[in-house]
Amino acid sequence: MTRQRQILLDLIDKSGKHLDAESLFHLAREKDPKLNRVTVYRTLKLLKLEGLVDELDLLHYQGDQHYYETRMKREHAHVVCLCCGKIEEYFGEPLLDMRTQVQKTFGFELVVMRTEMGGYCPNCQMAREQELREAATAT
Ligand SMILES: [Zn+2]
Ligand SMILES: [Zn+2]
């Protein structure tokens with residue numbers, strides 16, 4: 001039990017990316033070929049329950065997948081490109097202000113905050129404009 005937990009936590013922590021369960025399974029298999037899919041998925045669930053990792057859906061930009069990252073990171077919002085899946089992390093002050101205000105307004109003590117925003121990254125905006133231009137000249 002401890003070994004697979006450690007492997008997964010390391011992978012999630014060191015990747016610096018937001019990996020889905022299936023990619024984590026493949027990476028974990030490279031470290032320990034004996035690991036199977038069920039164990040990896042179960043371990044992820046446990047890590048989540050214990051509050052060691054966060055599970056994100058990133059607005060389901062690629063279907064039903066969930067993505068994982070460790071809780072050790074400072075609070076941040078995810079900005080997802082709905083076209084190419086590029087993910088930016090926003091660490092700005094307003095996030096902390098929002099926490100304070102929500103706590104004040106509703107009297108909650110917040111333990112989880114998850115902010116996800118979707119849109120089109122600069123590259124995809126350019127590609128879209130190009131497409132529209134081409135469509136316009138084609139007619
Ligand atoms: Zn994009
Ligand atoms: Zn993140």
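Our subject is the structure that appears above.
An account of the accompanying structure is given in this report. (Residues numbered from 1 in each chain as written. Chains lettered and ligands numbered in written order. Predicted model: local features only at pLDDT ≥ 70, side-chain atom pairs only at ≥ 80, totals over all residues. Heavy atoms only, no water.)

Overview of the coordination of the zinc ion (ligand 2)
The criterion, for reference: Only nitrogen, oxygen and sulfur atoms qualify as donors, and only when within 2.8 Å of the metal (3.2 Å in the case of Na, K and Ca); with water excluded, sites may look incomplete. Under the DSSP-based scheme used, a helix requires at least four consecutive residues in state H or I and a strand at least two consecutive residues in state E, with every element numbered from the N terminus. Whether a residue is buried, partly exposed or exposed follows from its accessible area with a 1.4 Å probe, protein chains only, as a fraction of its type maximum: under 20%, in between, or over 50%, in that order.
In this structure, H18 (NE2), E69 (OE), H76 (NE2), H78 (NE2) and E89 (OE) serve as the protein donors to the zinc ion (ligand 2), at separations of 1.9 to 2.2 Å. The sequence pattern formed by the donor residues of the zinc ion (ligand 2) is H-x50-E-x6-H-x1-H-x10-E. Highlighted residues: H78 in strand 4 (residues 77–81) and E89 in strand 5 (residues 87–90), separated in sequence by 11 residues. Using a relative accessible area of 2% as the deciding quantity, one classes H78 as buried. In this structure E89 comes out as partly exposed when scored by relative accessible area, which is 24%.

Let's talk about the coordination of the zinc ion (ligand 1)
Which entries qualify depends on this criterion: Square planar and octahedral sites, with four and six donors, are those where opposite donors lie more than 155 degrees apart and all other angles lie between 65 and 115, tetrahedral sites have four donors with every angle between 85 and 135 degrees, and the rest are irregular.
Protein coordination at the zinc ion (ligand 1): the donors are C81 (SG), C84 (SG), C121 (SG) and C124 (SG), at 2.3 Å from the metal. Around the zinc ion (ligand 1) sit 4 donor atoms, and with donor-metal-donor angles ranging over 104 to 113 degrees the site reads as tetrahedral.

Re the sheet that holds strand 4
Strand pairing within a sheet occurs via backbone hydrogen bonds; the two strands may be parallel or antiparallel. For clarity, the threshold we go by: Criterion used throughout: strands pair if DSSP finds at least two bridges between them. To define axes, lines are fitted to C-alpha atoms, for helices over the stretch in contact only, and angles between the resulting N-to-C directions are given on a 0 to 180 degree scale.
One open sheet accounts for 3 strands, arranged 5-4-6; its pairing is mixed. A strand with exactly one partner marks an edge of an open sheet, and here the two such strands are strand 5 and strand 6 (116–119). Direction aside, neighbouring strands of the sheet carry axes that sit 20 degrees apart on average. Strand direction decides the pairing type here: strand 4 and strand 6, joined by 4 bridges, are parallel. Along strand 6, the bridge assignment pairs V79 with M117.

A look at helix 1 (residues 2–15)
The criterion, for reference: Any helix carries an expected span of 1.5 Å times its number of residues minus one. Two residues qualify as a contact provided that any one of their heavy atoms is within 4.5 Å of a heavy atom in the partner residue.
Taking 1.5 Å of rise per residue, the 14 residues of helix 1 would be expected to cover 20 Å, and the 20 Å separating its terminal C-alpha atoms lies within 8% of that figure. Listed as buried for helix 1 are Q4, R5, I7, L8, L9, L11 and I12. Of the surrounding elements, those touching the buried residues of helix 1 are strand 1 (19–20), helix 2 (21–31), helix 3 (37–49), strand 2 (53–56) and strand 3 (67–70). Directly after helix 1, the chain includes G16, whose backbone phi takes a positive value near 65 degrees.

Observations regarding unusual backbone geometry
Unlike most non-glycine residues, L58 shows phi in positive territory, near 45 degrees. One can find L58 in the loop between strand 2 and strand 3. The phi dihedral of L59 is positive, around 60 degrees, even though this residue is not glycine. Locating L59 in the fold gives a position in the loop between strand 2 and strand 3.

Observations concerning the pairing of strand 2
Two faces make up the sheet, and in a regular strand the side chains alternate between them. Here strand 2 shows a buried face lined by V53 and E55 and a second buried face lined by D54 and L56. Pairing of strand 2 with strand 3 involves 4 bridges; the strand directions are antiparallel. The residue of strand 3 that forms the bridge with V53 is T70.

Section: the pairing of strand 4
Strand 4 sits mainly inside the fold: 4 of its 5 residues count as buried. Note that strand 4 and strand 5 share 4 bridges and pair antiparallel. The partner of A77 across the bridge, within strand 5, is Y90. Here strand 4 folds back onto strand 5 in antiparallel fashion, the turn holding 5 residues, of which G85 has a positive phi close to 85 degrees.

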